[in-house]
Amino acid sequence: MLEINQLKITLGSHALAYQQHISSGNIVTLQGVSGVGKSSLLLCIAGFIRPTAGSILWQDTDLCALAIEQRPVAMLFQENNLFEHLSVLKNACLGAEYRSTKHAEATVTEAAERLNIADQLHKLPTELSGGQRQRVGLLRTLLRPEPIILLDEPFAELDSQTRAVAAQWVADIAKQNNKTLLLVTHQEEDVKKLADVNWLLT
Amino acid sequence: MKLTNLIGVLFISMICSVTLLAFYGLIAFSQQGADLTLLSDSYFHAILLFSIKQALLSALISTVLAWPIARAIYYFPTIYLKRTFLSLSLLCFVLPTLVLITGFVSLLGLAGILTPFLGDNWSLYGLHGILLAHVYMNLPFAVRALHNQLQNIPDTSWILASQLKFSPWQRLMLIEWPALRGNLSLIFGFITILCFNSFAVVLALGGGPQSTTLEVAIYQALKYDFNIPEALTLAWSQFAIAGLFFMLLYRSSSVPWLAKDANLKQWLPRLSTTNKVLFSIIYAVALLFILLPLASLLPGLLATKYSSQLLFNIFQSLALTLALGLGTAVLAMLLAYCIMLPIRNSIIVQRQQLQNILQWLANHTLIAPAMVLSVGLYILFLPIIDLDELGMIFVVLLNTLIVLPFAIQQIRSRLIQFDQDYAILYRSLKLSFWQRFTIEWPYIKAVIFSTFALVLLIAMGDVAIFSIFGSDHLKTLPWLIYQYAGSYRINEASFASAVLLFVYLVILLNIEKVKSDA
């Protein structure tokens, strides 16, 4: 269970408040108008923003007391998810411990094939389109072992067909590995396709 | 605190301990502190004023003259030998002072090639000789730094300016000046500190008590009078004033003068013929200024009587110079990288004050008088260990401390840039130190190699520290040049200088290659 209790974040003069309990293994879509604090909540769970009050409990452990590196969280940011000077494959293998390089490459390639980016793996990120970059980041985030996955507008740059493929892959991997997933989206189709719970922030 | 940060803090503490030990060595030996009565002495006021005056004038002339030269090579990118000019500019900055002084003496000394054309009153010695040498070393540095700043102006600014039909004045004030403004004061401050602490130039060209700086006065107080209280007063004063300059300087970021030259400017304002001619003249004068002292080594080179003993001496010294330089450079790079770890962390967690303190402590050897460090440690360790046997280790260690601020300054921007771009990402990926390093390495490789070569060159030019800890049977090449020049064997000095110059050029060309490959 992920419990967000009386959580308060202050950004300048703007105060944001959150309250929600999410069952383990659930997919929660986060919606709300721009500036309502969707990304800030994800950044706070990941540890990049410090809350002014409240707590975030995961299996009864307060995440706020843990360093970023100790939190059981994998996050996909809206942008800047890739090291520009490393190959796509190398980027995709980061953040998870594989048995061997061969195993890492096989796992990544299999996922990349489902996301239609297998032929991009040996390129540099600068050679990829926005949508391809986003899928590389998405792939890496979902393959990481952390039980909590935070995705900040993961399908924003994808066309509708690719979006459907990527969303299905996310749902499959999340359910298969019992991941608790929070996903920011503005699209109703993502909510319909993925959400166990839709959390509308106001 | 993470282990990696702890190692960095440990290294910073070690550097500070060396400085403290050196001062302790002097204080313990004399059994008294600084002689504070000196502060009201007119001799002290005179050298203090002269130190500040020559430093400010050197920095002012270098910075002001560098601007038109930097503009010339920026606005006229196809100008003849531009890349060579930029490489030579780096050479001037790292050139061993003794090579430069040998060149200046051949050119403008008593029997110099140009001296007959300069009138009866001309003398290379005194304020203008010092200014000339300081400007020679620092003007090209300023040109490189300003040129790099100009290269950072995005093409879109020029496109917009031309679309909005900006006048040359508007271009200058609205585009060029904002790009340079921040760095002009940094460059000025950096040169001021270097010239304020200048030793070899002032010692060689100072010309008597009217033209003495604090650093030289410390040397004289220690070498001739062995007056430690006086040396301590002078040292503390130098430390305080240079420290003040340094604190002002370090409030901003470092000057990226080794940065890769972006040669792919697509868009620049079109130059009129008048401007092209004007820029060509400015550039030619600058090139001549850089080349003349180097070319003036040639007559001595041709007049040298080559013997196998001379060649053996020179190449043996060269081998020692390279070995000591390499040891220093490896150690300095290792320290610089480790020291940057806690500094980077303090930037990431936004602890500005901690960052300033760590940076100041890590770089304090830029302002600590090298003579005090060397003599203080020498006195302290003389009764304890055999310095004849272990002197070379001290040469490497002390040179490491002297070149460390340059190493930190050069790698700092790139490492901070990496953190700015990727800190959130690598923290989110929970990478181990080693994983992070392997990702970081391709990003910083070029700057690490070019900085390595730079600190190697600076360390290879050392004379001051070797003069205290060096041995009589093993000599470095700069020390050999000093001995040849001191015994009026100017031809041999010119030959040895030319060999050293050649080695410097080879290393410099490699720096440029590494940067262009990156």
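Residues numbered from 1 in each chain as written. Chains lettered and ligands numbered in written order. Predicted model: local features only at pLDDT ≥ 70, side-chain atom pairs only at ≥ 80, totals over all residues.

> Looking at this structure, I do not really get the overall build of chain A. What am I missing?
Across its full length, chain A holds six helices and nine strands. Referenced to the eigenvectors of the C-alpha coordinate spread, the extents of chain A come out at roughly 45 × 35 × 35 Å. Relative to its 202 residues, chain A shows a buried fraction of 40%. For chain A, the share of sequence-separated contacts (at least 6 apart) that also reach a separation of at least 24 residues comes to 71%. (Helix = DSSP H or I, 4+ residues; strand = E, 2+ residues; numbered from the N terminus. Buried ≥ 20, exposed ≤ 12 C-beta atoms within 10 Å, placed from the backbone. Contact = placed C-beta atoms within 7 Å.)

> Which parts of the structure should I look at to understand the interface of chain A and chain B?
Where the parts come together, the accessible area they lose is often given as the size of the interface. With twelve residues of chain A at the interface, the matching set in chain B holds eleven residues. Residues that form the side of chain A that touches chain B fall into these classes: seven nonpolar, four polar and one charged. (Nonpolar A, V, L, I, M, F, W, Y, C, P; charged D, E, K, R; others polar.)

> What am I meant to see in the packing of helix 2 (residues 42-75) of chain B against helix 5 (residues 127-151) of chain B here?
To describe two helices that pack against each other, one gives the angle between their axes and the distance between the axes. All names here are of chain B. Direction vectors running N to C along helix 2 and helix 5 enclose 40 degrees, while the axes themselves pass 6 Å from each other. By the angle between their axes, helix 2 is oblique relative to helix 5. The element helix 2 and its partner helix 5 pack so that their crossing is right-handed. For the contact of helix 2 with helix 5, the class distribution of residues is 18 nonpolar, eight polar and no charged. (Axes fitted to C-alpha atoms, helices over the stretch in contact; angles between N-to-C directions. Parallel < 35°, antiparallel > 145°, perpendicular 65-115°, else oblique. Left-handed = near helix turned anticlockwise from the far one by under 90°.)

> Can you walk me through the packing of helix 4 (residues 97-108) of chain B against helix 5 of chain B in this structure?
All names here are of chain B. Where helix 4 meets helix 5, the axes come as close as 11 Å, and the angle between the chain directions of the two elements is 125 degrees. With respect to their mutual orientation, helix 4 and helix 5 come out oblique. Judged by the twist between their axes, the crossing of helix 4 over helix 5 is right-handed. Between helix 4 and helix 5, the contacting residues are L100, I101 and F104 on the first element and L132, A133, Y136 and M137 on the second. Broken down by class, the residue content of the contact of helix 4 with helix 5 amounts to seven nonpolar, no polar and no charged.

> Please explain unusual backbone geometry as it appears in this structure.
For residues besides glycine, phi is generally negative; the peptide bonds are generally trans as well. The phi torsion at N116(A) lies on the positive side, around 60 degrees, for a residue other than glycine. In this fold, N116(A) is placed in the loop between helix 3 (101-114) and helix 4 (130-143).

> What's the story with the sheet that holds strand 8 (residues 180-184) of chain A in this structure? I'm lost.
All names here are of chain A. The strand order across the open sheet formed by five strands is 6-7-8-3-9, and the pairing between neighbours is parallel. The strands lining the two open edges of the sheet, one partner per strand, are strand 6 (73-76) and strand 9 (197-200). Neighbouring strand axes in the sheet, compared pairwise and without regard to direction, differ in orientation by 15 degrees on average. Bridge count between strand 6 and strand 7 (residues 148-152): four bridges; the pairing is parallel. What sits directly across from V73, in strand 7, is I148. (Pairing = 2+ DSSP bridges.)

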